[in-house]
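Below, each chain spelled out in residue letters.
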Amino acid sequence: MMSLPVMKAEGLTKIYGIGCPVCRESTGPGYETNICRECGAVVACGDISFELYPDEVLGIVGESGSGKSTLVKLLYFDSEATHGAIYINDSADNVLSLSPFQKRRIRNSRMGMVYQNPHYGLRMEVTSGGNISERLIMAGWRNIAAMRARASYLLRKTEIPVLRIDEPPANFSGGEQQRVQISKALSNNPSILFLDEVTTGLDLSVQARVLDLIRALQSNLHLSVIVVSHDLGVIRLLTTRTMVMKYGRVVESGLTDQILEDPQHHYTQLLVSSQL
Amino acid sequence: MLRVENLSKTFNIHILDNKVINAFCDVSFHLKRGEFLGLSGPSGSGKSTILKCIYRAYLSSGGNIWFDSAEYGKLNIATAPNHAILNIRRREVGYVSQFLKVIPRVPAIDIVAEPLVTKSRLSLDKARTRAGELLERLDIPPYLFDAYPCSFSGGEQQRVNIARAVIWTPRLLLLDEPTASLDKDSIAVVTDLLKELKYEGTTMIGIFHDRIIIDSVTDKKYEMNQGVTVHAAQ
Ligand SMILES: Nc1ncnc2c1ncn2[C@@H]1O[C@H](COP(=O)(O)OP(=O)(O)OP(=O)(O)O)[C@@H](O)[C@H]1O
Ligand SMILES: Nc1ncnc2c1ncn2[C@@H]1O[C@H](COP(=O)(O)OP(=O)(O)OP(=O)(O)O)[C@@H](O)[C@H]1O
Ligand SMILES: [Mg+2]
Ligand SMILES: [Mg+2]
Ligand SMILES: [Zn+2]
């Protein structure tokens, strides 16, 4: 029963700026910067490789600016990689070399994303039902009644009163907006879900509810999830494996309990020891 | 079932000027299916660290941990890929320590039932019934079943912890002082539960302070810095 990865990344690199031959070799934790000394470009992600398995929750942790959001944006095709490859479901084809249309198809049928900032994930003036329907239309749905039923079902699942289906997210609290984003991300039954700092900026009690919701959804829907957070508590609660990022590189990766109890890299030791 | 070969563990604490702590070195022992090894030795001699290396909560620094996995065959836990470790944790290897580490806001009965649902694929109803029976055997009053264990006493938490560990009959079970704050009666129940597991074929390694448990369930002893002694099984 050895399972194959649902997603595999190889050497993913994102450079903001013109770039030059020494960008990658002059940045990273060894140089304590992600800015190339020659050309000034930002190496937001450098040579990142990993595998994501079915039904697993992979954490990405690291300080502000370490490249976590950039990495999930590359994986979700929101941003174009400078180098590297992504393989889906053990296919030998690098999906990054597919046409934008084909990438969108993969994204609309297989992936869901919850952005750090709900303004990226939601259209604030469109009703919450409309937000979900937009995504369903992209995934090929056409029947309006069916879309409305699906939207109500998802809102119920994410504990938003269905009565609010015709209200725009602009009227909602931060925690509610995140839950509408989660509904939207789940609408097309994705097999891979990206969560970028879903609980940042929420009250502790609201955080707890959102985290409980994510745990329940993950175990019922058997999703593969990538959770980005700078909060080790969130990482401990949700994930089984973790990658630690600094200056655009993965400095350490392993089982989450091992990363937290027996961190190997200097930076991870610092991160764990400075936990509140 | 398990062969530990020349295992060693050092901690390099970079944030304390690269301080090096040698937790233990050159530990070797092996266990057949259904055998129970007791680990003993003074405080700080590395007993907990060995169990954590076998569970891979710690990375070993040297040596091998050969485990006969149902899924993978012979697997070196010291070097196996993370996803293989996660799979054997999910289906074959259990770990229980002195402290209950649980997911917040989950009632006691579900904490205990959960391994039966996720690992043994039982229905939630059946799993809850079995969990309730086990908690009752461990003398947890039924009105606590639906409460959150973070509000339980230390001893009650430990009993929930043990129930969760023994309910699914893992192939290998690692026990780090799970009975430290239990009274005589509870210890007697735990002893019976461990004997039942052993009878069903679970291989175990345990650290216990209580002589009664050690004498009545373990087959062998590994004394830190002195090695293995075998004593007759009871
Ligand atoms: N569009 C852009 N143009 C130039 N630089 C960018 C751009 N987007 C991100 N960066 C830079 O890339 C680096 C990584 O940013 P990213 O948003 O991935 O960090 P992060 O780890 O998600 O941080 P946070 O925890 O604060 O969200 C940062 O140095 C950032 O300034
Ligand atoms: N995560 C860790 N980081 C650094 N050092 C550690 C870590 N875990 C254990 N050690 C060190 O390893 C040594 C062995 O500790 P361990 O907890 O294994 O001892 P023990 O035999 O279980 O003791 P006790 O009987 O008191 O529980 C100690 O010096 C301890 O400080
Ligand atoms: Mg970010
Ligand atoms: Mg100990
Ligand atoms: Zn450059």
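This is a predicted model, so every value here is computed, not measured. (Residues numbered from 1 in each chain as written. Chains lettered and ligands numbered in written order. Predicted model: local features only at pLDDT ≥ 70, side-chain atom pairs only at ≥ 80, totals over all residues.)

### A word on the overall build of chain B
Thinking step 1. Check the secondary structure of chain B and you find seven helices and ten strands.
Thinking step 2. Over its C-alpha atoms chain B spans a radius of gyration of 18 Å, differing by no more than 12% from the 17 Å that the globule rule assigns to 234 residues.
Thinking step 3. Once the C-alpha set of chain B is aligned to its principal axes, its extents read approximately 50 × 40 × 40 Å.
Thinking step 4. Across the 234 residues in chain B, those meeting the buried criterion constitute 40%.
Thinking step 5. Here the analysis covers contacts within chain B between residues at least 6 apart in sequence; of these, 63% occur between residues at least 24 apart. (Helix = DSSP H or I, 4+ residues; strand = E, 2+ residues; numbered from the N terminus. Rg over C-alpha atoms; globule rule 2.2 N^0.38 Å. Buried ≥ 20, exposed ≤ 12 C-beta atoms within 10 Å, placed from the backbone. Contact = placed C-beta atoms within 7 Å.)

### Quick word on the confidence of the model for chain B
All names here are of chain B.
Thinking step 1. Chain-level pLDDT for chain B is 92 on average; 97% of the residues reach the 70-or-more range.
Thinking step 2. Averaged pLDDT values for the elements of chain B fall to 67 in strand 10 (residues 227-230) and rise to 98 in strand 4 (residues 62-69).
Thinking step 3. Under the prediction, the complex receives an ipTM of 0.89, its pTM being 0.92. (pLDDT = per-residue confidence, 0-100.)

### Considering the domain arrangement of chain B
All names here are of chain B.
Thinking step 1. Here chain B is partitioned into domain 1 (1-92 + 172-234) and domain 2 (100-169).
Thinking step 2. Just the C-alpha atoms count here: the centres of domain 1 and domain 2 sit 23 Å apart.
Thinking step 3. Taken residue by residue, the interface counts 14 residues in domain 1 and 13 residues in domain 2.
Thinking step 4. Of all the secondary structure elements, the ones that give two or more residues to the side of domain 1 that touches domain 2 are helix 2 (82-91) and helix 6 (184-199). (Domains from an automatic or database assignment.)

### Re the packing of helix 5 (residues 154-166) of chain B against helix 6 of chain B
Residues and elements named next belong to chain B.
Thinking step 1. Contact pair helix 5 / helix 6: the axes reach a minimum separation of 11 Å and the direction vectors enclose 10 degrees. Here helix 5 is positioned roughly parallel relative to helix 6, judged by the angle of their axes. Taken together, the residues of helix 6 that come into contact with helix 5 (itself represented by G155, R159, I162 and V166) are S186, V190, L193 and L197. (Axes fitted to C-alpha atoms, helices over the stretch in contact; angles between N-to-C directions. Parallel < 35°, antiparallel > 145°, perpendicular 65-115°, else oblique.)

### A word on the sheet that holds strand 2 (residues 42-52) of chain A
Residues and elements named next belong to chain A.
Thinking step 1. Taken in spatial order, the three strands make up an open sheet running 2-1-4, and their pairing is antiparallel. Here the strands that pair on one side only, and so sit at the sheet edges, are strand 2 and strand 4 (83-88). Put simply, the sheet's adjacent strands are angled 15 degrees from each other on average, direction ignored.
Thinking step 2. Sheet topology places strand 1 (residues 7-16) next to strand 2; seven bridges connect them, and they run antiparallel. Bridging across to strand 2, Y16 finds its partner in V42. (Pairing = 2+ DSSP bridges.)

### Considerations on helix 6 (residues 174-186) of chain A
All names here are of chain A.
Thinking step 1. Between its terminal C-alpha atoms helix 6 stretches 18 Å, which fits the 18 Å expected from 13 residues at 1.5 Å a residue.
Thinking step 2. Most of helix 6 sits out of view: twelve of its 13 residues are buried.
Thinking step 3. Those residues of helix 6 not exposed but buried are G175, E176, Q177, Q178, R179, V180, Q181, I182, S183, K184, A185 and L186.
Thinking step 4. Those residues of helix 6 hidden inside the fold are in contact with strand 5 (111-114), helix 3 (118-121), helix 4 (128-138), helix 5 (144-157), strand 6 (192-196) and helix 7 (204-221). (Expected span 1.5 Å × (residues − 1).)

### Examining the nonpolar core
Residue and element names in this part refer to chain B.
Thinking step 1. In this structure, V112 and A163 are the most contacted members of the largest nonpolar core, which totals 125 residues.
Thinking step 2. If you count residues domain by domain, this core takes at least three from each of domain 1 (1-92 + 172-234) and domain 2 (100-169).
Thinking step 3. Apart from residues no more than four positions distant in its own chain, A163 is found in contact with V112, A131, L134, L135 and L138. (Core = buried A, V, L, I, M, F, W, Y, C linked by C-beta atoms within 7 Å.)

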